[in-house]
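The chain contents come next:
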Amino acid sequence: MQNSCFYRILELVKTILNSKVPDGPIEHKWRNYQLKSQLINPANKKKLSVIVVGSGLSGAGTASTLAELGYDIKCFCYQDSARRAHSVAAQGGINAAKNYQHDGDSVYRMFYDTLKGGDFRSREANTYRLAELSAPLIDHFVQQGVPFAREYGGTLVNRSFGGVQVQRTFYARGQTGQQLLLASYSQLYKMIRAKKVELFPRSEMLDLVVIDGKAKGIIVRNLVTGKLERYAADAVVLATGGYSRVFRLSTLAIGCNGSAIWKAHKKGAFFAAPSFTQIHPTALPQSSEAQSKLTLMSESLRNDGRIWVPLKKDDTRKPLDIPEDERDYYLERRYPSFGNLAPRDIASRAAKERIDAGHGVGRLKNAVYLDFKDAIEKFGLDTIKDRYGNLFKMYKKITGIDAYSTPMLISPTAHFSMGGLWVDYELMTTVPGLYAVGECNFSDHGANRLGANSLLQASVDGYFILPNTINNYLADEIKSEQPNIDHPEFEKAEQLAREHISKILAINGSKTVDHFHRELGKIMWQECAMSRTRNGLQNAITEIKKLRDAFWSDVKVTGSENEMNTELEKAYRLADFIELGILMCTDALQRDESCGAHFREEFQTNDGEALRKDEAYSYVSAWEYQNGDFKLHKEELEFEFVKPTVRSYK
Amino acid sequence: MRVTFKIWRQDNPKAKGEFRSYDVDGLTKDMSFLEALDQLNENLVLQDEKVIAYEYDCREGICGQCGVFINGRAHGPHDNITTCQLHMRSFTDGDIITVEPWRAKSFPIIKDLVVDRSAFDRIIESGAYISSKTGTAPEANSIPIPKDIADKAMDAAACIGCGACVATCKNSSAVLFTSAKINHLNNLPQGKAEAVRRLEQMTYQMDLEGFGNCSNTGACEIECPEGISIRNIAEMNSSWLRMKLTK
């Protein structure tokens, strides 16, 4: 009886979450997909319009490429220019399976590294496609004028990144994200000049408009005038980035938020694996309560820097006074084959373990050392300066310390969100006509993202995948009615957005938005970051709900809705973060296993490594919003080509 | 630590602005300058006053969105940094710190310390790209680019578009910004095909936006967070002259 019930549910789940993975061997799936997907003739493309929310790598890539194909594009960003999007801040590089270094790399190896890096919690076919499209992406960016690092002879240089034993990372000093973003920004403006893209800077999406079950538009707040505006299109693409600002202190830009995907979630888009958030091992440590941001120091530094803490607990000596045999190079000790290049989740957890055990360094004992002494001795100061000069400069600007002569202080910090809106192979969410690209979707990274795969995924989604899948949907939309902003659904959505803002302004309580954000951050960092427990998560959910009530009764926002009001922007973004925080804890609570960045203390091996449980948890959790509650759906992960193994970097 | 901020307040582009003073106590040397302003804004909220509008995003010196005049200098008292990289340890207890928006005709004030820098985007739009469509690129290593050329392109490409060069220039000139972008692309083999057109259109657009001329004082290079060299200006000028003579 129970069994038949189980299978009925399984059937139901399958019909709801159709991943649309095409047939065939893994290396032919993408080609097979393209062969079968519907095409639209150029004359008809002109009649189809697409809204793109976000102008970072994935958004600008989507907008410019769709415009080149002939679609009519409207692109929105909250910043003053598309060039500010947070892709700009990625430092270290972008991976591609070019095998330029002749070190045994291939598409298959890159696919396997990524799948394993994500602890076998991502969809095989998507991950393979990511690796497959990586090589043409480098060609694309070189052609767009990205000044990647070169050998004297003029060919491209590579370096290593965490979790990998080949050199497949391409880079432009420590500013790779900036250079890729500027290339896509330029391409976007080329299409603006061609009048194929209309860009709306200083514009923030407040809601998604769904008509007859399909995404047909958005409600936008003009951040200069405060005016609410309606925009209709045949499809909507969200490219709104990650949500790790839910922790408040993170490596993200201050404006990064989860509101667009949260509103979409509330309108029917399932949210996948929300608790899979990456804590980056090498950021600058927190130094005070007032801190707004923790700056990332690129993972590439771990190529040459060695991480250590004093062997002795509560050692107060200066780092240079601690002799070699009284230092614990704990990553080299625990993971001899990967050493300092262990993947991020593992490196962060190992740092936390040492800090918790009383070996942390720095004023607040919350950091570890990243030391370049050996590298400088081996390669010379000039080589290290050439490789990481701008990172050392940045470190000095922020801390006032010269890291060439004394080790850097680094600490784990909230960084990337692997979770996001659930998307199928076509990058479509569970709302027809609504797509999610880049960091805001859940697709390729599983439970942990490998370094230099973020720029890759954002770009591949925007430039290569979506422009080849959206046609499959739009081909049918050409027959349907042109979306119209006078539709009652637009009226309703705008009205609700207006009421939401008025409600916040009317509270007139006694605490600032930042106060509530700090409180949320503390709860999330304590209970839903590097290590999680059942009790802790249950308490966190209760605490966040209390915080939500306190916010809605006691927050104070000054100024009005009809003007530029940065305090109001922070308030409505935080209101969504609070709700998202509850879902993240709920998700972490249901997953009774440890995998990748999700480490539940109850589930670990004797030597403190993550204990995965494939029989029960080899699925992607996908949450449906139901009037303030969340219903779990499962996309079972089928491993047709790779057998999940215990993930070891020892 | 306690300081007095003397800040330019202006409600909208048409309003008449004025300096207003605010005392802020309880700051620490570790705090960034923007975190001190955050603190001030929290105080203002609790006093039932409107917050001061100022811009920022990444707070790590790369997005280029922050940028104000601090005690008469773009991005504050140090050379080659952004406002978000300035820390309170650069000031002393009891200081009066004057904060103004970028002052340039081509960057109209929107509110308080926020200005409109879209003129920069329009210069980019006029030609700062390589006209190749997605999907048309040749194999990346098929066109070798010697290291010195790639490095030189990268030096110029590092511009973050903050506008400090314009703000600090007595002529409000945008030549450092424009020349860096032109040289980045024109130095690369991929950018050569459109080099002349790019030079012509971008400089034309720069003039159209009302930016002033360059009188070679070199102030921009000192304030540029990326330390972009004024040699870029010389290189652009020489290319421009060559273009005019040969065309």
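Basis of the calculations
- Residues numbered from 1 in each chain as written.
- Chains lettered and ligands numbered in written order.
- Predicted model: local features only at pLDDT ≥ 70, side-chain atom pairs only at ≥ 80, totals over all residues.
- Heavy atoms only, no water.
- Helix = DSSP H or I, 4+ residues; strand = E, 2+ residues; numbered from the N terminus.
- Rg over C-alpha atoms; globule rule 2.2 N^0.38 Å.
- Buried < 20%, exposed > 50% of the residue type's maximum accessible area, 1.4 Å probe, protein only.
- Areas by Shrake-Rupley, 256 points an atom, 1.4 Å probe, with all protein chains shown as cover.
- Contact = heavy atoms within 4.5 Å.
- Buried area = accessible area lost by both parts, 1.4 Å probe.
- Salt bridge = Lys/Arg side-chain N within 4 Å of Asp/Glu carboxyl O.
- Nonpolar A, V, L, I, M, F, W, Y, C, P; charged D, E, K, R; others polar.
- Domains from an automatic or database assignment.
- Polar contact = N/O pair within 3.5 Å; in protein donor to acceptor, adjacent residues only side chain to side chain.
- pLDDT = per-residue confidence, 0-100.
- Phe/Tyr/Trp six-rings, centres within 6.5 Å; stacked < 30°, edge-to-face > 60°.
- Pairing = 2+ DSSP bridges.
- Axes fitted to C-alpha atoms, helices over the stretch in contact; angles between N-to-C directions.
- Core = buried A, V, L, I, M, F, W, Y, C linked by side-chain atoms within 4.5 Å.

J.: How would you explain the overall build of chain A if you had to name every residue and give the values?
T.: When helices and strands are tallied, chain A shows 19 helices and 20 strands. For 650 residues, the compact-globule formula gives about 26 Å, and the C-alpha radius of gyration of chain A, at 24 Å, lands near that figure. Summarising its shape, the C-alpha atoms of chain A cover approximately 75 × 60 × 60 Å along the three principal directions. In chain A, which comprises 650 residues, the proportion classed as buried is 66%. Working note: accessible area of chain A is about 22200 Å², and carbon and sulfur atoms make up 50% of it.

J.: Now, about the overall build of chain B: what can you tell me, with residues and values included?
T.: In terms of regular secondary structure, chain B is built from 8 helices and 7 strands. The principal-axis extents of the C-alpha atoms in chain B amount to approximately 60 × 35 × 35 Å. Put simply, chain B has 247 residues, and 60% of those count as buried. Contacts spanning at least 24 positions in sequence make up 69% of the contacts within chain B whose residues lie at least 6 apart.

J.: Pulling in residues and values, what's your account of the interface of chain A and chain B?
T.: Of the residues lining the interface, 81 residues belong to chain A; the matching set on chain B comes to 75 residues. Interface area, chain A with chain B, both sides summed: about 6500 Å², of which 50% is carbon and sulfur. Three residues, R84, Q143 and K397 of chain A, lead the burial of chain A against chain B; their summed loss comes to 11% of the area buried on that side. Connecting chain A to chain B are 11 salt bridges. The set of elements that each furnish at least two residues to the side of chain A that touches chain B consists of α4 (57-69), α7 (134-143), α8 (176-193), α13 (381-399), α14 (454-477), α16 (513-527) and α18 (566-590) of chain A. No other element matches the 10 residues that α8 of chain A contributes to the side of chain A that touches chain B. Each residue belonging to the side of chain A that touches chain B can be placed in one class, and the counts come to 26 nonpolar, 33 polar and 22 charged.

J.: Before we move on, could you go through the domain arrangement of chain B and cite the residues and values that matter?
T.: Residues and elements named next belong to chain B. Parsing chain B into structural domains produces domain 1 (3-111) and domain 2 (117-246). On a C-alpha basis, the centres of domain 1 and domain 2 stand 29 Å from each other. Buried area between domain 1 and domain 2, summed over both chains or domains, comes out near 1600 Å², and the portion from carbon and sulfur atoms is 53%. Per-residue buried area on domain 1 facing domain 2 is highest for N80, S106 and F107; these three make up 36% of the total on that side. If you look at where domain 1 meets domain 2, you find 2 salt bridges. At the surface where domain 1 touches domain 2, the tally comes to 11 residue pairs in polar contact (both at pLDDT 80 or more).

J.: For the domain arrangement of chain A, give the residues involved together with the corresponding values.
T.: Residue and element names in this part refer to chain A. Per the domain assignment, the segments of chain A are domain 1 (29-279 + 416-477), domain 2 (281-415) and domain 3 (487-636). The C-alpha centroid of domain 3 is placed 31 Å from the C-alpha centroid of domain 2. The interface is formed by 10 residues belonging to domain 2 together with 12 residues belonging to domain 3. Both sides together, the interface formed by domain 2 and domain 3 hides about 830 Å², and carbon and sulfur atoms give 55% of it. Three residues, E289, R349 and K352, lead the burial of domain 2 against domain 3; their summed loss comes to 55% of the area buried on that side. In this structure, the connection of domain 2 to domain 3 is made through 2 salt bridges. Linking K522 and E289 is a salt bridge whose minimum nitrogen-to-oxygen distance equals 3.7 Å. Counting the contacts that link domain 2 with domain 3 gives 3 residue pairs in polar contact (both at pLDDT 80 or more). Counting only elements with at least two residues in the side of domain 2 that touches domain 3, the list comes to α11 (344-359) and β15 (408-417).

J.: Residues and numbers for the confidence of the model for chain B, please.
T.: Residues of chain B with pLDDT of at least 70 account for 100%, and the chain-wide mean is 97. The ipTM value of the predicted complex is 0.98, and its pTM value is 0.96.

J.: I'd like to hear about the packing of aromatic side chains, residue by residue, with values.
T.: One pass over the full model with this rule turns up 40 aromatic pairs over all chains. Ring plane angle 70° and centroid distance 5.0 Å describe the contact between F372 of chain A and F392 of chain A, whose orientation is recorded as edge-to-face. Residue F372 of chain A is located in the loop between β14 (368-371) and α12 (373-379), and its partner F392 of chain A is located in helix α13; the two are separated by 20 residues in the primary sequence. With respect to class, F372 of chain A is no different from F392 of chain A; both count as buried. Geometrically, the ring pair formed by W8 of chain B and F19 of chain B is edge-to-face, given 5.2 Å between the ring centres and 80° between the ring planes. Within this pair, whereas W8 of chain B is found in strand β1 (residues 3-9), its partner F19 of chain B is found in strand β2 (residues 18-24), the two being separated by 11 residues in sequence.

J.: Just give me the short version of the sheet that holds strand β5 (residues 197-200) of chain A, but keep the residues and values in it.
T.: Residues and elements named next belong to chain A. Pairing within the open sheet is parallel, and its 5 strands lie in the order β5-β2-β1-β9-β17. The open sheet terminates on both sides in strands that have one partner only, identified here as β5 and β17 (434-436). With strand direction ignored, the average angle separating the axes of adjacent strands in the sheet is 20°. Summarising the sheet, strand β1 (residues 49-53) and strand β9 (residues 235-238) pair through 4 bridges and their orientation is parallel. Of the residues in β9, the one forming a bridge with V50 is A235.

J.: Before we move on, could you go through the nonpolar core and cite the residues and values that matter?
T.: Core analysis: the biggest nonpolar cluster contains 240 residues, and F5, F33 and M88 of chain B have the highest contact counts within it. If you tally residues by element for this core, the top one is α18 of chain A, at 14 residues. Not counting the four nearest positions on each side in its chain, F5 of chain B is found in contact with R20, S21, Y22, V24, F33, A36, L37, L40, M88, I97 and V99 of chain B. One finds I346, A350, I355 and F372 of chain A within the second-largest nonpolar core, a separate group that totals 31 residues.

J.: Quick rundown of helix α6 (residues 124-132) of chain A? Include the residues and the values.
T.: For an α-helix the count is 3.6 residues per turn, leaving residues at separations of three or four pointing the same way. With 8 of 9 residues buried, α6 of chain A lies mostly within the body of the structure. Residues of α6 of chain A that are buried: E124, A125, N126, T127, Y128, R129, L130 and A131 of chain A.

J.: Please provide a residue-by-residue account of the pairing of β9 of chain A, values included.
T.: Residues and elements named next belong to chain A. Judged by which residues are buried, β9 turns out to be covered on both faces: A235 and V237 on one side and V236 and L238 on the other are all buried. Pairing between β9 and β17: 3 bridges, direction parallel. By the bridge assignment for β17, V236 is matched with L434.

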